[in-house]
Amino acid sequence: MPVQFSIESIEYLAEKFNNCGSLCDESLAYLTRQTSTLISDLLQDACKVLRKCHRKNLTAEDFAFALRLRQLEPMFGGYTISNDHRSSFHKVKKDNRNLYYIDDHIIPLNQITNSQLIIPLDISIRTHWLAVNGKQPTTNENPIFDIPIRSISKTKSNKTSHILSTEQQIYYKELTETCICFNELKRKQALTMLSSDNSLQPILSRLILFISEGVRVNLSPGTSFDRSILLSFLMQMSDALLQNEELSLEIYLHYLLPAILSCLLERRISRDHWSLRDLAGKCSGQIIRKYATAANRLQQRTIDIFYRILNSGKDEYTWPTHYGALVGLCEMSHKVIIQLVFPLVKRLGEQIRSISDIESSEKLTEVIVKFITMAYRSVQNENKSNEKRLYEEFGSHFAPLIQQQLILLL
């Protein structure tokens, strides 16, 4: 569950700690979002440390280690071993013997007594809905999932239903083999079954694992044949499963989404990899639009991956990887294109002019013009495009191409 601070708390802390007076509402809202996001990320890192240590209870030491991972100052108040840098041992040699110790810093008492104490805000009580029309709303005050008493027996029975019957095993085997065969007619029939059959839930976990393992094997460096064909078949299976409204893929996203992003951002798959990246970008966009919530922060974490690639240096990632990151961002929504891709277009146009690979240059230009034109047209109030504004916003490389596409769409 994400951590959400109130604007009143951030306003109080800003006035007390920085003596900056009153801030505007936009600044307070920005500080509240940033603080809530940072604390949520720190708690996630602390939980990772907890799992690595095979413990069940989160301690202040785990949170202090998460602070150190992000190069932040240690906590004040709750003393932990991590605050004192347990790895910084000091060596003392005496009588041909080595002694190692940790330097224990002594804090003067007057430093604590003379420091200005900040009184926190008083406890406040807020009302919220426990249930609306018999369903619990997803809010910060409510738990993520509550199991009714009547459904306990059903959940226990579902835990043992992972054993497939003989008919289900045969169905799974025939379905997976048909989905990756080279018979176009049979493969289309199998994909239609994946996108419409409502009885796939018992074998859904095995289908997701089949896709994940298939992507892993075909992206391994030891394979010498053209991998894009089989990878395209696997992405078509992912697309078909995402189109099936009767299936719930949320609990399997930790297998499915990494496989899709691997096909989308792989450095070099084969000669014909552009269509594979387009299909993988479409699948990632469907997952974000369907399953991203404020609780799992799936959209923000995926955007961070794509945005880091697009803002990296020229030699850090290949241009096909940049292409995949662009497609992944643009497939999310027009809002993401307007807020994140629009500011990058002018700089990308200057970089694309210097690309020696003609195919990569043409593909990058094509995908940018395609998505930018659609997003620009969705927010444009006038019937004709403003040529001066296009050149100022998108640069001399993309402005004529976007203007030409806008004229064709009139």
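Owing to the predicted nature of the structure, the values given are computational and were not obtained by experimental measurement. (Residues numbered from 1 in each chain as written. Predicted model: local features only at pLDDT ≥ 70, side-chain atom pairs only at ≥ 80, totals over all residues. Heavy atoms only, no water.)

1. Topic: the pattern of salt bridges
Then comes step 1: According to the stated counting rule, one finds eight salt bridges in the structure shown.
Then comes step 2: Between Asp45 and Arg70 there is a salt bridge whose closest N-O contact spans 2.8 Å. Here Arg70 lies in the loop between α3 (60–69) and β1 (89–94) and Asp45 lies in helix α2 (residues 25–52), a separation of 25 residues in the sequence. (Salt bridge = Lys/Arg side-chain N within 4 Å of Asp/Glu carboxyl O. Helix = DSSP H or I, 4+ residues; strand = E, 2+ residues; numbered from the N terminus.)

2. Some points on the packing of helix α14 (residues 334–353) against helix α15 (residues 358–379)
Then comes step 1: In contact at an axis separation of 10 Å, α14 and α15 are set at 140 degrees when each is read in the N-to-C sense. Between α14 and α15, the interaxial angle falls into the category oblique. The interaxial crossing formed by α14 with α15 has left-handed handedness. Two secondary-structure elements touch here, α14 through His334, Ile337, Ile338, Val341, Phe342, Val345, Leu348 and Ile352 and α15 through Ser361, Leu364, Thr365, Ile368, Phe371, Ile372, Met374, Ala375, Tyr376, Ser378 and Val379.
Then comes step 2: Here the contact of α14 with α15 is built from residues that sort into 15 nonpolar, four polar and no charged. (Axes fitted to C-alpha atoms, helices over the stretch in contact; angles between N-to-C directions. Parallel < 35°, antiparallel > 145°, perpendicular 65-115°, else oblique. Left-handed = near helix turned anticlockwise from the far one by under 90°. Contact = heavy atoms within 4.5 Å. Nonpolar A, V, L, I, M, F, W, Y, C, P; charged D, E, K, R; others polar.)

3. Let's talk about unusual backbone geometry
Then comes step 1: Phi at Gln71 is positive, roughly 60 degrees, even though this residue is not glycine.
Then comes step 2: Overall, the relative accessible area of 71% leaves Gln71 in the exposed class.
Then comes step 3: A positive phi angle is found at Arg297, which is not glycine, with a value near 50 degrees.
Then comes step 4: Along the chain, the position of Arg297 falls in the loop between α11 (274–291) and α12 (298–310).
Then comes step 5: Taking the relative accessible area as the measure of exposure, Arg297 reaches 13% and is therefore buried. (Buried < 20%, exposed > 50% of the residue type's maximum accessible area, 1.4 Å probe, protein only.)

4. As for a positive patch on the surface
Then comes step 1: Residues Lys48, Arg51, Lys52 and Arg301 make up a contiguous surface patch of positive charge.
Then comes step 2: Along the chain, Arg301 turns up in helix α12. (Patch = residues over 30% accessible without salt bridge, like charges linked within 9 Å, V, L, I, M, F, W, Y side chains within 5 Å. Areas by Shrake-Rupley, 256 points an atom, 1.4 Å probe, with all protein chains shown as cover. Lys, Arg positive; Asp, Glu negative; His and termini not counted. Charge placed at Lys NZ, Arg CZ, Asp CG, Glu CD.)

5. A word on the confidence of the model for the protein chain
Then comes step 1: When pLDDT is averaged along the protein chain, the result is 81, and 83% of the positions lie at 70 or above.
Then comes step 2: Every residue in residues 81–87 scores below 50 in pLDDT, and together they form 19 contacts with partners more than four places removed in sequence or on other chains.
Then comes step 3: When the criterion is pLDDT under 50, residues 146–161 qualifies, and its contacts beyond four places in sequence or with other chains add up to two contacts. (pLDDT = per-residue confidence, 0-100.)

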